[in-house]
Amino acid sequence: VTIVSMEIIFLNSFWESVSVLLLLSPAEGLADLPAWMADPPTLEMVRHGRRLPADAIPNVWEDTPTRILDESGRLWAIYRRSGSRLTPEVVLN
């Protein structure tokens, strides 16, 4: 084992640990958006990209994107309120 190979091993392990610290989950990366934790029956609807009634998520303003999360905080979708409906913008599952 040479000094150069030891330096390469050190640098690789250093950058691997740094990259783990710098990566955010999608839910964390969009933390500036309001979030709502959905129950399993609603998540099933979200998973299929179905529209939801606007009153399904309390306190959502018109035309505001909202993160739909499960109980563990995993991001399932981004929905936007339009009138009396919540419409999916992006569905991740």
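Just above sits the structure.
Parameters and conventions
Residues numbered from 1 in each chain as written. Predicted model: local features only at pLDDT ≥ 70, side-chain atom pairs only at ≥ 80, totals over all residues. Heavy atoms only, no water. Salt bridge = Lys/Arg side-chain N within 4 Å of Asp/Glu carboxyl O. Helix = DSSP H or I, 4+ residues; strand = E, 2+ residues; numbered from the N terminus. Buried < 20%, exposed > 50% of the residue type's maximum accessible area, 1.4 Å probe, protein only. Pairing = 2+ DSSP bridges.

(A) Layout of the pattern of salt bridges. Tallied over the full model, the rule gives four salt bridges. The salt bridge involving R80 is made with D63; its shortest N-O contact spans 3.5 Å. One end of the pair, R80, is in strand β4 (residues 75-82); the other, D63, is in the loop between β2 (52-53) and β3 (65-69), and 17 residues separate them in sequence. With a relative accessible area of 23%, R80 lands in the partly exposed category. By relative accessible area, which is 49% here, D63 ends up partly exposed.

(B) View of the pairing of strand β5 (residues 85-91). Two strands pair when backbone bridges link them, and β2 and β5 are joined in this way by two bridges, in the antiparallel orientation. Its bridge partner being in β5, L52 is matched across the sheet by L86. Sheet topology note: the β4/β5 ladder contains six bridges and is antiparallel. If you follow Y79 over to β5, its bridge partner there is P88. Between the antiparallel neighbours β4 and β5 lie two residues, among them G83 with a positive phi of about 65 degrees.

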